[in-house]
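Reading the structure
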Amino acid sequence: MIPESHPRYKSLVTREKLAQYTKTGIVSLEGLTAHGRGEAFDYLLGEETTESALRAEKIAAALLLSANHPVISVNGNTAALAAKEIAQLQQASQARVEVNLFHRTEERVQAISDLLQEHGITLVEGAVSRYIPLDHDRGLCHYDGMYSADVVLVPLEDGDRAQALIDLGKKVIAIDLNPLSRTSKVATVPIIDEVTRALVNITGFCTELGQDEITRLTEDIHGTGFIRDALEYIRERLLNVLD
Ligand code: PTJ
């Protein structure tokens, strides 16, 4: 029982939720360590959305709305933390949602799909094939999902898939609290923010943006600027932490 008065109440509740989700296979045991890395970066970022991340989230919304075939990729941690927020973003953006796992088993795919569907999410279903040239299971995807996508939202991973998607000519929106991750570095738009905060903000922008703004926001995107902003923000906070 976690007392609400605990100064880290929210964080402890989230940890407990993720630990519970390992029992149904929705979150992998490795997912718990991945969450710890995210928490550490969120701590450094002050556990709130920075102005720079909010700008990235606006561009992400514009990219999703301007896409012909937007896809949201969902892994175990993302499903456990943000099923409700993904449902809302799907409504607002009309993006397809596809389960894509690193630690892939058919049981986990099924458990995560069930959780997402319980939240009202429509999934790309059916056979998968190794359409993304990777020698691990993140390479498996659906023809009418990620394979045909022009914009892919990739939350919570630090690996080689983002680069592979870019090499296939797709635009990649990453959500990752680690500004130094491979995924953040290569993404068209790296969103250095916590996944639930980021998804809520992107959904909000999806309901607000008009066509002129969408065109302006997607014209000329400089992803590395968001990484510099996040590192500078952390540097400033560390220098002033004892003031
Ligand atoms: O469910 P699976 O099998 O697909 O596995 C999912 C994990 C997350 C285990 C897998 O993708 C993995 O190993 O990821 P990495 O390489 O640890 O990368 C996860 C990234 O997400 C790290 O850079 C973390 O900083 C970041 N992260 C963790 N929690 C959050 C986060 N970013 C945003 N919001 C979070 N809540």
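Details of the structure are given in the entry above.
One structure accompanies this document, and this report is about it. Not measured: the values here are computed from a predicted model.

Concerning helix α10 (residues 223–240)
Taking 1.5 Å of rise per residue, the 18 residues of α10 would be expected to cover 26 Å, and the 27 Å separating its terminal C-alpha atoms lies within 8% of that figure. Every buried residue of α10 is listed here: Gly223, Phe226, Ile227, Ala230 and Ile234. One side of α10 holds all its buried residues, which, seen down the axis, span an arc of 105 degrees. Turned more than 90 degrees away from the buried face of α10, the exposed residues are Arg228 and Leu239. Of the surrounding secondary structure, the elements contacted by the buried residues of α10 are α2 (29–44), α3 (51–66), α7 (182–186) and β5 (189–191).

Thoughts on the sheet that holds β5
Read across the sheet, five strands follow the order β2-β1-β3-β4-β5 without closing on themselves; strand pairing throughout is parallel. Across the chains shown, the open sheet's two edge strands, defined by having one partner strand only, are β2 (96–99) and β5. Strand-to-strand twist across the sheet, computed as the mean angle between neighbouring axes with direction ignored, equals 20 degrees. Here three bridges tie strand β4 (residues 171–175) to β5, and the two strands are oriented parallel to one another. Bridge pairing in β5 places Ala174 opposite Pro190.

Focus: unusual backbone geometry
A positive phi angle, near 60 degrees, is found at Gln94, a position not held by glycine. Classification of Gln94 as exposed rests on a relative accessible area of 61%. Unusually for a residue other than glycine, Leu156 sits at a positive phi of about 55 degrees. With respect to the helices and strands, the residue Leu156 is situated in the loop between β3 (151–155) and α6 (161–167).

Thoughts on the site of the ligand
Around the ligand sit 22 residues, and of these Phe102, His103, Arg108, Arg138 and Asp176 come closest. A distance of 2.7 Å separates an oxygen atom of the ligand from a polar atom in the side chain of Arg108. Protein coverage of the free-state accessible area of the ligand, which is 740 Å², stands at 95%. For the ligand, the cavity whose grid points lie within 2 Å of the majority of its atoms is the largest pocket. Listed by contribution, the elements that provide at least two residues to the shell around the ligand are α2 and α4 (76–93). Counting residues per element, the shell around the ligand draws most heavily on α2, at four residues.

Side note on the environment of Ile132
Here Ile132 is to be found in the loop between α5 (106–118) and β3. Spatially, the C-alpha atom of Ile132 lies 31 Å from that of Ala19, the residues being 113 residues apart in sequence. Apart from the residues within four sequence positions on either side, Ile132 is in contact with Arg138, Gly139, Cys141, Met146, Arg161, Ala164, Leu165 and Leu168.

Considerations on the environment of Glu232
Looking at where Glu232 falls in the secondary structure, it is placed in helix α10. By relative accessible area, Glu232 is classed as partly exposed at 37%. Engagement of the side chain of Glu232 in a polar contact is seen with the side chain of Arg235, the distance being 3.2 Å.

Here we look at the nonpolar core
Leu116, Ile191 and Ile202 are the most contacted members of the largest nonpolar core, which totals 48 residues. Here this core gets eight residues from one element, more than from any other, and that element is α4. The residues touching Ile191, leaving out its near neighbours within four places in the chain, are Ala56, Glu57, Ala60, Ile173, Ala174, Ile175, Asp176, Ala198 and Ile202. Formed by 14 residues, the second largest nonpolar core is a distinct cluster that contains Val71, Ala149, Val154 and Ala187.

Looking at the pairing of β4
Across the five residues of β4, four count as buried, placing the element largely inside the fold. For β3 and β4, the ladder comprises five bridges, and the chain directions are parallel. Within β4, the position partnered with Val151 by the bridge is Lys171. For the segment spanning β3, α6 and β4, crossover handedness is right-handed.

So, empty space enclosed by the protein
Under the criterion given, the structure shown has one cavity of 30 Å³ or more. Computed from the structure, the largest cavity encloses a volume of approximately 50 Å³. Around the largest cavity sit Leu45, Thr50, Ser52, Ala53, Ile192, Phe226, Asp229 and Ala230, which together line it. Looking at the lining of the largest cavity element by element, the count peaks at three residues for α10.

Calculation criteria
Residues numbered from 1 in each chain as written. Predicted model: local features only at pLDDT ≥ 70, side-chain atom pairs only at ≥ 80, totals over all residues. Heavy atoms only, no water. Helix = DSSP H or I, 4+ residues; strand = E, 2+ residues; numbered from the N terminus. Expected span 1.5 Å × (residues − 1). Buried < 20%, exposed > 50% of the residue type's maximum accessible area, 1.4 Å probe, protein only. Arc of directions from axis to C-beta. Contact = heavy atoms within 4.5 Å. Pairing = 2+ DSSP bridges. Axes fitted to C-alpha atoms, helices over the stretch in contact; angles between N-to-C directions. Near = heavy atom within 4 Å. Polar contact = N/O pair within 3.5 Å; in protein donor to acceptor, adjacent residues only side chain to side chain. Areas by Shrake-Rupley, 256 points an atom, 1.4 Å probe, with all protein chains shown as cover. 1 Å grid on protein atoms, 1.4 Å probe; cavity = no way out; pocket = protein on both sides within 12 Å on 5 of 7 lines; lining within 4 Å. Sits in = over half its atoms within 2 Å of the grid points. Core = buried A, V, L, I, M, F, W, Y, C linked by side-chain atoms within 4.5 Å. Right-handed = clockwise from strand over helix to strand, strands pointing away. Points joined across faces, edges and corners; volume = space filled by probe spheres on them.

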